[in-house]
Amino acid sequence: MVWSKMAKAKKHFQKINKRILVLVLSLLTLSIFITIFFSYRVMQVPTGLTVDEAAFGYNATLLAKDGHDQNGRFLPFFVLSIDGKDWRQPVTQYYLAVFFKFFGASIFNLRLSSVLITITSSILLFFLSYRLFSSIKASFLSFFVFLTIPLIMIQSHMGLDNIMPIPFVIIWLIGLLLFTQNNKRKHLIYSAISLGISFYTYKGMRATVPICGIASIVYLLSLNFLPKFNFKKFFYDAFAFSISIFPFFAIIPILQQKYPGAVFDNMSVHLSSVYEFFYPYLSTFDPTFLFIKGDDTLYHSTQRHGMFLLATLPFFVIGCYQSVKKNNFWKLILIIFFTSTLFYGFVNSVHRASRIMAIIPSFSLLSTLGIITLWQYKKLLGKLSTLSIFVLIAINYFDFVKYYWYTYPKFTENIVGTFKYYPAYEILAKEAAKRNLMPLISQSIHDANGESGRFFEATYFPQTIKTYNDDNPSSPGTILLSRRQEIRSMTNLNLNLPDYFLQTR
């Protein structure tokens, strides 16, 4: 009898382990496929670097070398960049520095780092969905809803910090959900820490994190109301969450003193009326912005496809309606979607999808809930009509991808430039090493290429490369990257470089 029970238990565990193994292998296979898919044409779209991408890449390269930023500071909390005009956010900056340390500094790796954030976020959302729906199918569904969001594709092709809050927001939600399910306060601790870290991933999170923190406390309050209000338990729950997130706010005065303007950007809040406050907030929920036009900034949107796919709008609406009828955690997800952008009214941020990516996990879950709800009525609606909606989503997404990959780059080239110049830096480095010459770069080229040029210089040259006025020949034993085809007493190597020439002496 005992041996029979043990045999059954062993068989049961073998089945579970087999299912887990199959699931892990499936996720790994999908992750490889998605990495390839999202990396396709990553060097062609966009055609060049934005100034913020270049600033992140430049300082990540320097930090990966010896821990000093462009200003000579050793491992600063914030990095001052773009000629002292902007601060780089620490989580993103040091993530890139570590990434470059292991895989090398390059434009491809700069953008690949965002692809990996996308993959990580999708896997975290898969786990959250499984705990929420208790269904592998629903988890894969939310996985694909997330990955077919147009803004996810756009941001995965840019080495920026806009996408960085997403994994931390998902971990925050995972912690709250697991605490709800097993009542262990350790989940509240890492949930709060993750939310606190997200404060330093992207500037827009300055307005989002306080709302999410307040929503978390209100959510914990709601958990302690049934069957009757348990003040003692609520106090300890709220204390565990609050004390864990508190240090991230407590250090703000010190950071503001050492890095003036890095936390709040020296921005003062001016509101002439309540309408001025609510206009940016309500503009977030303009359907034409969310589902048709997208971000007002061209390199953050195709401006003919919304932040989300238009075909997912019915699912999202159904999901919102269903979430009201479900448990408190679903109500929290709904509240987060509609309140986390409230404080954007203080900074007059209108129709900037790239700044509100923290709402994407909520949208993905609500849309998944809508799809599942509709699928339950497939007998009433008919399988063919239900499946046709999924076909519309596929058509909508591939219309976006085709346009984004092949047409969209033409419209952004005048904004972000091209990469046709950067191979010249690599050739200069190779020729200098081969000929044992000291590399120099024309001062005009250095000035014209700005942050992108500095990133290329830091990538290909171990030491800071010297600049030179190419009106006159350089010293013997040098090789100069110049715009001039002929320089007295120097020899043109006649290499095929676009608009540039290599001169030796």
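A few points on the structure. Everything numeric in this text was worked out from a predicted model, so none of it was measured.

**Section: the overall build of the chain**
For step 1, the next point in the chain: Within the chain, the secondary structure is distributed over 20 helices and 7 strands.
For step 2, the next point in the chain: Relative to the compact-globule value of 23 Å for 505 residues, the chain shows a C-alpha radius of gyration of 26 Å, a close match.
For step 3, the next point in the chain: Over its C-alpha atoms, taken along the principal directions, the chain stretches across nearly 90 × 60 × 50 Å.
For step 4, the next point in the chain: Counting only residues that meet the buried cut, the chain has 52% of its 505 residues in that class.
For step 5, the next point in the chain: Residue pairs in contact within the chain that sit at least 24 positions apart in sequence constitute 71% of those at least 6 positions apart.

**Structural notes on the environment of Ser121**
For step 1, the next point in the chain: Mapped onto the elements, Ser121 comes out in helix H4 (residues 107-133).
For step 2, the next point in the chain: For Ser121, a relative accessible area of 1% puts it in the buried group.
For step 3, the next point in the chain: When the C-alpha positions of Ser121 and Phe146 are compared, they lie 8.9 Å apart, and in sequence the two are 25 residues distant.
For step 4, the next point in the chain: Once residues within four sequence positions are removed from consideration, Ser121 is found in contact with Phe146, Ile166, Pro167 and Ile170.

**Focus on the environment of Lys18**
For step 1, the next point in the chain: Locating Lys18 in the fold gives a position in helix H1 (residues 2-39).
For step 2, the next point in the chain: For the pair Lys18 and Ile251, spaced 233 residues apart in the sequence, the C-alpha separation amounts to 47 Å.

**A look at the side chain of Thr412**
For step 1, the next point in the chain: Inspection of the secondary structure assignment puts Thr412 in helix H18 (residues 383-416).
For step 2, the next point in the chain: Exposure remark for Thr412: the relative accessible area of 0% places this residue in the buried category.
For step 3, the next point in the chain: In this view, Thr412 contacts Leu298, Tyr299 and Gly417; residues no more than four positions away in its chain are not counted.

**Looking at the environment of Thr120**
For step 1, the next point in the chain: Here Thr120 shows up in helix H4.
For step 2, the next point in the chain: Overall, the relative accessible area of 38% leaves Thr120 in the partly exposed class.
For step 3, the next point in the chain: Linking Thr120 and Lys184, residues 64 residues apart in sequence, is a C-alpha distance of 25 Å.
For step 4, the next point in the chain: Polar contacts involving the side chain of Thr120 include one to the main-chain carbonyl oxygen of Leu116, which spans 2.8 Å.

**Concerning unusual backbone geometry**
Keep in mind that most residues, glycine aside, have a negative phi and that most peptide bonds are trans.
For step 1, the next point in the chain: In this model, Val45 is joined to Pro46 through a cis peptide bond whose omega is -10°.
For step 2, the next point in the chain: Among the secondary structure elements, Pro46 is positioned in the loop between H1 and helix H2 (51-66).
For step 3, the next point in the chain: A positive phi angle, close to 55°, is found at Asp83, a residue other than glycine.
For step 4, the next point in the chain: Assignment of secondary structure puts Asp83 in the loop between strand S1 (79-81) and strand S2 (86-88).
For step 5, the next point in the chain: Even without being a glycine, His351 presents a positive backbone phi close to 55°.
For step 6, the next point in the chain: Topologically, His351 is positioned in the loop between helix H15 (328-339) and helix H16 (360-375).

**Some words on the packing of helix H7 (residues 165-182) against H15**
For step 1, the next point in the chain: Contact geometry for H7 and H15: axes closest at 11 Å, N-to-C directions at 155°. Comparing their axes, H15 and H7 come out roughly antiparallel. H7 and H15 meet at a crossing whose hand is right-handed. For the pair H7 and H15, the contacting residues are Trp172, Leu173, Leu176 and Leu177 in the first and Phe329, Leu332 and Ile336 in the second.
For step 2, the next point in the chain: A class-by-class count of the residues in the contact of H7 with H15 yields 7 nonpolar, no polar and no charged.

Cut-offs used in this document
- Residues numbered from 1 in each chain as written.
- Predicted model: local features only at pLDDT ≥ 70, side-chain atom pairs only at ≥ 80, totals over all residues.
- Heavy atoms only, no water.
- Helix = DSSP H or I, 4+ residues; strand = E, 2+ residues; numbered from the N terminus.
- Rg over C-alpha atoms; globule rule 2.2 N^0.38 Å.
- Buried < 20%, exposed > 50% of the residue type's maximum accessible area, 1.4 Å probe, protein only.
- Contact = heavy atoms within 4.5 Å.
- Polar contact = N/O pair within 3.5 Å; in protein donor to acceptor, adjacent residues only side chain to side chain.
- Axes fitted to C-alpha atoms, helices over the stretch in contact; angles between N-to-C directions.
- Parallel < 35°, antiparallel > 145°, perpendicular 65-115°, else oblique.
- Left-handed = near helix turned anticlockwise from the far one by under 90°.
- Nonpolar A, V, L, I, M, F, W, Y, C, P; charged D, E, K, R; others polar.

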